[in-house]
Amino acid sequence: MLKAINLALLIAYPVAWAAPLMRAGLDLPLFGPSEISVLSGLRSLWQTDMALAAVVTLFALVAPYVKTLGLALVHFGRLPRRRLAVLQVMGKLAMADIFLIALYITVVKGIGLARIETAWGLYLFSGCVIASLIIGWRTEEPGARTGHFRAK
């Protein structure tokens, strides 16, 4: 079951990156909100702040995907289990990205500069990261290699 869910994340992550995280717009009648995704946000960042764009790319794209690929390699016996600690750190980096997005939404709403609504992509991306963290924890448990888990 862990293998199947983890492999599904290889498809779900790219969908989450393209999905709208939020809708932002000014409270003006003629201008509707524009949708912001991880990919559209990165596209804008690369034009204005390359250092921040590199960090966000690492947190939002590279870390979670490499972790998912690494877990798949562990599940199929192609990567030693001792690498799980490094993979778990990569998952925590992706969680930091979700925190930053939530912080930006809170700050903008608090200042009242624009109207921001969270969109389904934020929940999908968050769900992918949380699922990956749980898969990593379950993979670390004794018996994970055989699929037999001990009750805690």
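Right above here is the structure, for reference.
Just so you know, these numbers come straight off a predicted model, no measurement behind them.

A. Geometry of the pattern of salt bridges. Using the criterion set out here, one finds 1 salt bridge in the structure. Here Arg23 and Glu35 are joined by a salt bridge, their closest N and O atoms 3.1 Å apart. One end of the pair, Arg23, is in strand E1 (residues 20-25); the other, Glu35, is in strand E2 (residues 34-37), with 12 residues separating them in the sequence. Assessed through its relative accessible area of 24%, Arg23 is described here as partly exposed. Look at Glu35 and you get partly exposed, because its relative accessible area is 47%.

B. Summary view of the packing of aromatic side chains. Using the criterion set out here, one finds 3 aromatic pairs in the structure. Aromatic pair Tyr13 and Trp17: ring centres 6.0 Å apart, planes at 25°, arrangement stacked. In this pair, Tyr13 and Trp17 both sit in helix H1 (residues 2-18), 4 residues apart, roughly one turn of the helix. With respect to burial, Tyr13 and Trp17 carry one shared label: buried. Here a set of aromatic residues connected by ring pairs shows up, and it is made of Tyr13, Trp17, Tyr65 and Phe125.

C. Representation of the environment of Ser37 within the structure. Position of Ser37 among the secondary structure elements: in strand E2. On the accessibility criterion, Ser37 (9% relative accessible area) is buried. For the pair Ser37 and Met22, spaced 15 residues apart in the sequence, the C-alpha separation amounts to 7.1 Å. At 3.4 Å, the side chain of Ser37 and the backbone nitrogen of Leu39 are in polar contact.

D. Examining the sheet that holds E1 more closely. Judged by pairing direction, the sheet is antiparallel, and its 3 strands sit side by side in the order E2-E1-E3 without closing on themselves. Two strands bound the open sheet, and with one partner strand each, they are E2 and strand E3 (115-118). Within the sheet, the average angular offset between the axes of one strand and its neighbour, ignoring direction, is 25°. Helix H5 (residues 120-140) rests against E1 and E3 of the sheet, and its axis sits at about 150° to E1.

Calculation notes
Residues numbered from 1 in each chain as written. Predicted model: local features only at pLDDT ≥ 70, side-chain atom pairs only at ≥ 80, totals over all residues. Heavy atoms only, no water. Salt bridge = Lys/Arg side-chain N within 4 Å of Asp/Glu carboxyl O. Helix = DSSP H or I, 4+ residues; strand = E, 2+ residues; numbered from the N terminus. Buried < 20%, exposed > 50% of the residue type's maximum accessible area, 1.4 Å probe, protein only. Phe/Tyr/Trp six-rings, centres within 6.5 Å; stacked < 30°, edge-to-face > 60°. Polar contact = N/O pair within 3.5 Å; in protein donor to acceptor, adjacent residues only side chain to side chain. Pairing = 2+ DSSP bridges. Axes fitted to C-alpha atoms, helices over the stretch in contact; angles between N-to-C directions. Contact = heavy atoms within 4.5 Å.

By themselves, these observations are geometric and do not establish any function.
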